[in-house]
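# Fold and contact review
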Amino acid sequence: MPRAGTGLTRESIRIDSHLDGSGSRSLAEDVLDGLTRPFKELPPKHFYDSHGAELFDRICELPEYYQTRAEREILEQRAEEIAELTGASELVELGSGTAAKTRVLLDALSSAGTLERYIPLDVTESMVRSSARALVEEYPGLSVHGVIGDFERHLEHIPPALGPRVVAFLGGTIGNFPPGSRRRMLRGIARLLGAEDHLLLGTDLVKDPRVLEAAYNDAEGVTAEFNRNVLRVINRELDADFDPADFEHVAIFDEHHEWIEMRLRARRGLVATIAALEMDVRFDAGEELRTEISAKFTRERLQGDLAAAGLELVRWLTDAEQRFALTLARPSS
Ligand code: AVJ
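The present account deals with the structure reproduced in this document. (Residues numbered from 1 in each chain as written. Predicted model: local features only at pLDDT ≥ 70, side-chain atom pairs only at ≥ 80, totals over all residues. Heavy atoms only, no water.)

Another point: helix α9 (residues 222-238). Helix length check: α9 (17 residues) gives 24 Å between terminal C-alpha atoms against 24 Å at 1.5 Å per residue, within 8%. At R228, α9 shows its largest kink, close to 30°. Most of α9 sits out of view: 13 of its 17 residues are buried. The positive-phi residue at the C-terminal boundary of α9 is D239, with phi of around 55°. (Helix = DSSP H or I, 4+ residues; strand = E, 2+ residues; numbered from the N terminus. Expected span 1.5 Å × (residues − 1). Bend = angle between axes of the 7 residues up to and from the residue. Buried < 20%, exposed > 50% of the residue type's maximum accessible area, 1.4 Å probe, protein only.)

Encoded structure:
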């Protein structure tokens with residue numbers, strides 16, 4: 001006999017997938033493109049297989065990596081104000097992951113009495129499904145419309161708004177985009193917003209380079225493992241033979257661009273074979289592969305990026321130490 005309530009719960013969850021194996025195709029394309037360039041480079045999204053996601057969770061707990069705690073502090077202190085300013089009936093979350101911080105926002109919207117729908121978009125189907133199941137139980141009356149996809153390619157699959165919405169892009173992930181793509185991404189997000197809607201954007205802030213570099217080069221070496229994990233992903237998915245131990249983790253703050261760069265530096269000259277691409281890749285001793293940029297912001301720079309996407313700043317919310325900012329923005333009037 002079905003448990004009471006099961007039917008209702010099922011009806012309030014809908015999950016659409018747009019991935020159909022395009023993940024490993026995009027890895028192959030990125031590896032072919034990025035490892036044959038004069039300056040080798042890979043996009044950071046390939047860090048996050050299940051091991052990489054676990055390492056990232058450990059990074060968030062590190063004493064040096066303040067970002068997750070700072071963002072949570074802001075959310076906990078200001079969620080009520082965000083709920084009041086936006087009057088949102090739906091929360092769209094790009095890169096929702098385990099939806100850990102989401103609950104702070106859902107709590108505030110639920111207390112304000114406006115919450116109706118949660119729309120998580122993430123590449124990891126299992127996480128979207130399990131958080132959807134948990135959230136419809138925790139928030140009676142909530143419906144969840146999950147979108148399995150890549151926020152760089154599948155924003156158009158986010159369903160039209162049913163009421164005032166907040167689109168949240170948390171964690172500082174916008175910092176992974178170089179300036180041109182960052183503005184393209186913000187324009188894409190702006191297309192999800194009507195006159196009544198808001199963007200809630202998390203960004204790490206420019207600060208003492210020693211603090212920034214420590215956050216990306218922790219004493220325990222977790223970030224170094226996370227960085228080298230991309231080589232394990234390539235070995236497994238593309239039948240390659242990189243030895244991660246041949247590469248040294250490098251994290252430096254580029255003061256001119258105001259971004260952190262993570263690189264993998266070959267400790268010796270080597271040739272790796274990537275069988276699935278029928279390709280050999282040569283590294284000279286000391287040659288570097290750029291694996292991530294993580295831009296750090298000032299309020300002025302962020303306002304410029306928002307304006308270029310047709311958005312205007314409504315609230316600039318920071319933690320007590322001004323390490324991280326949550327920006328509430330809306331379509332420019
Ligand atoms: C998840 C992209 C915000 O840039 O700080 C953490 C990823 N890289 N440590 C960041 C990351 C190295 C993180 N973001």
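Look at helix α3 (residues 50-61) against α9: their axes get within 9 Å of each other, and the N-to-C directions meet at 155°. Judged on the interaxial angle alone, α9 and α3 are roughly antiparallel. Between α3 and α9 lies a crossing whose hand is left-handed. Two secondary-structure elements touch here, α3 through H51, G52, L55, F56, R58 and I59 and α9 through V222, T223, E225, F226 and N229. (Axes fitted to C-alpha atoms, helices over the stretch in contact; angles between N-to-C directions. Parallel < 35°, antiparallel > 145°, perpendicular 65-115°, else oblique. Left-handed = near helix turned anticlockwise from the far one by under 90°. Contact = heavy atoms within 4.5 Å.)

With that settled, the discussion passes to the environment of V31. Looking at the element boundaries, V31 is found in helix α2 (residues 22-34). Once the C-alpha coordinates of V31 and L317 are considered, the two residues, 286 residues apart in sequence, prove to be 38 Å apart.

Attention now moves to the site of the ligand. Neighbouring residues of the ligand: 15 residues in total, closest Y65, G171, Y216, E292 and S294. Contacts to the ligand include Y65, whose side-chain N or O atom sits 2.5 Å from an oxygen atom. With respect to the ligand, the side chain of Q67 contributes an N or O atom lying 3.4 Å from an oxygen atom. Looking at the shell around the ligand, the elements with two or more residues in it are α3, α9 and β11 (288-295). Across the shell around the ligand, the residue classes tally to seven nonpolar, seven polar and one charged. (Near = heavy atom within 4 Å. Polar contact = N/O pair within 3.5 Å; in protein donor to acceptor, adjacent residues only side chain to side chain. Nonpolar A, V, L, I, M, F, W, Y, C, P; charged D, E, K, R; others polar.)

This part is about the packing of aromatic side chains. The full count for this structure, using the stated rule, is 12 aromatic pairs. Consider the rings of F242 and F283, whose centres lie 6.4 Å apart with planes at 75°: the pair is edge-to-face. Of this pair, F242 sits in the loop between α9 and β7 (247-254) while F283 sits in strand β10 (residues 279-283), placing them 41 residues apart in sequence. On the basis of an interplanar angle of 85° and a centroid distance of 5.1 Å, the ring pair of F247 and F283 is categorised as edge-to-face. Residue F247 is found in strand β7, and its partner F283 is found in strand β10; the two are separated by 36 residues along the sequence. (Phe/Tyr/Trp six-rings, centres within 6.5 Å; stacked < 30°, edge-to-face > 60°.)

What follows deals with empty space enclosed by the protein. Applying the stated criterion to the full structure yields one cavity of 30 Å³ or more. Of the voids in this model, the largest cavity is the one considered here, and its volume is about 40 Å³. As for the largest cavity, its lining consists of A79, I82, A83, L91, L105, A108, L109 and V166. Among the secondary structure elements, those contributing two or more residues to the lining of the largest cavity are α4 (67-86) and α5 (102-112). Per-class residue counts for the lining of the largest cavity are eight nonpolar, no polar and no charged. (1 Å grid on protein atoms, 1.4 Å probe; cavity = no way out; pocket = protein on both sides within 12 Å on 5 of 7 lines; lining within 4 Å. Points joined across faces, edges and corners; volume = space filled by probe spheres on them.)

This part covers the sheet that holds β7. One open sheet accounts for three strands, arranged β7-β8-β11; its pairing is antiparallel. Each edge of the open sheet is held by one strand with a lone partner, namely β7 and β11. On average, each strand axis in the sheet is tilted by 20° relative to the strand beside it, whichever way the strands run. Pairing analysis gives eight bridges linking β7 to strand β8 (residues 259-266), with the strands arranged antiparallel. Its bridge partner lying in β8, A251 is registered against M262. (Pairing = 2+ DSSP bridges.)

The next subject is the environment of I59. Residue position: I59 is located in helix α3. The spatial distance from the C-alpha of I59 to the C-alpha of L231 is 18 Å, given a sequence separation of 172 residues. In this structure, I59 is in contact with Y65, V222, T223 and F226, ignoring residues within four places of it in sequence.

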